[in-house]
Amino acid sequence: MRLKAGSTQSLHSGAFAHDDLIGQPEGTIVATRMGSKLLALRPTFAEQVVERKRRAQPIYPKDLGAILVHADIHPGARVVEAGTGTGALTLAALRAVGPEGHVTSYEARPEFSEAAREAIEQTLGGLPSYLTLKVGDVYLGIEERDVDRVLLDLPEPWQAVPHVAVALRPGGIVFAHCPNVSQVQRFCDALRERGGFGMLETVELLERGWTVRGRSLRPSHRMVAHTGFLTFARRLAGDDVFETEGEGF
Ligand SMILES: C[S@@+](CC[C@H](N)C(=O)[O-])C[C@H]1O[C@@H](n2cnc3c(N)ncnc32)[C@H](O)[C@@H]1O
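Rules used in this analysis
- Residues numbered from 1 in each chain as written.
- Predicted model: local features only at pLDDT ≥ 70, side-chain atom pairs only at ≥ 80, totals over all residues.
- Core = buried A, V, L, I, M, F, W, Y, C linked by C-beta atoms within 7 Å.
- Buried ≥ 20, exposed ≤ 12 C-beta atoms within 10 Å, placed from the backbone.
- Helix = DSSP H or I, 4+ residues; strand = E, 2+ residues; numbered from the N terminus.
- Contact = placed C-beta atoms within 7 Å.
- Pairing = 2+ DSSP bridges.
- Near = placed C-beta within 6 Å.
- Nonpolar A, V, L, I, M, F, W, Y, C, P; charged D, E, K, R; others polar.

Another aspect to go through is the nonpolar core. Counting 55 residues, the largest nonpolar core has Val79, Ala93, Val150, Val164 and Phe175 as its most contacted members. Looking at which element gives the most residues to this core, the answer is helix 3 (residues 88-97), with eight residues. Dropping the residues within four chain positions of it, Val164 is found in contact with Ile142, Val150 and Val174.

The next point concerns helix 3. Burial runs high along helix 3: nine of the ten residues are buried. For helix 3, the complete set of buried residues consists of Ala88, Leu89, Thr90, Leu91, Ala92, Ala93, Leu94, Ala96 and Val97. Positive phi shows up at Gly98, right after helix 3, with a value of about 70 degrees.

The next thing to look at is the sheet that holds strand 8 (residues 147-152). Here we have eight strands laid out as an open sheet, ordered 7-6-5-8-9-13-10-14, and mixed in their pairing. Two strands bound the open sheet, and with one partner strand each, they are strand 7 (131-135) and strand 14 (241-242). Here strand 10 (residues 197-203) pairs with strand 13 (residues 229-235) via five bridges, running antiparallel. Within strand 13, the residue paired with Gly198 across the bridge is Arg234.

Let us now look at the site of the ligand. Looking at the ligand, there are 22 residues lining it, with Gly83, Gly85, Thr86, Ala88 and Asp153 nearest. Those elements that provide at least two residues to the shell around the ligand are helix 3 and strand 6 (102-107). In terms of residue class, the shell around the ligand is made up of 13 nonpolar, five polar and four charged.

By themselves, these figures tell us nothing about what the structure is for.
As structure tokens, then:
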């Protein structure tokens with residue numbers, strides 16, 4: 001919630017005055033009028049991704065971290081992304097490339113692009129100069145050239161492969177997020193059929209929380225079991241295919 005002088009917040013656990021929190025440090029505990037205690041903290045990026053009202057399915061925080069590292073999204077990188085969706089991966093990429101880099105994000109649906117723009121503005125306090133939001137269909141083409149990274153999170157990433165091949169610089173990395181393994185297979189087949197890609201790797205991340213309290217030392221009862229498969233490949237200088245032996249990563 002956004003704090004506003006003079007406002008009162010009503011919750012199941014009781015109401016509290018915003019003025020009780022304004023000016024207090026993060027980590028302050030505030031009592032509601034029903035006597036419940038609330039801990040006041042600014043939301044982390046991961047909490048914002050999960051909690052935000054949205055119409056598209058965002059990439060989960062556990063996968064966002066791995067994507068940034070495995071796709072090596074570094075300060076100064078030029079990144080093309082599609083589709084923008086909620087803007088969760090866009091925001092993660094913006095944090096990683098910084099003001100020296102650039103993120104161009106394509107979204108086929110204008111209303112999703114507009115909602116993502118608002119979410120990014122709210123999160124960052126404005127639209128950064130190193131972000132370009134485009135309404136467009138990446139199955140039809142990618143306008144950018146010589147880009148360092150292409151990040152795909154859409155239903156048929158294989159349709160974008162011919163355009164990724166011309167947009168990526170040699171040595172660049174393409175990433176695709178696919179909920180179903182049939183999509184992974186079609187994406188990898190398309191990379192091999194096009195040629196010019198190598199070092200294909202697919203991973204799935206399982207994150208299991210643990211309870212560590214008193215004698216209760218055990219895995220959590222609940223977990224987000226499956227989100228998506230993460231597939232990465234490198235753009236080669238030519239149009240050969242280069243496969244690595246073994247398990248990767
Ligand atoms: C799963 S969501 C992406 C979520 C996003 N990665 C996030 O973290 O919020 C897929 C998005 O791709 C968009 N999309 C589907 N096909 C597309 C295409 N051909 N070109 C561009 N965007 C497309 C959809 O409208 C949708 O918003």
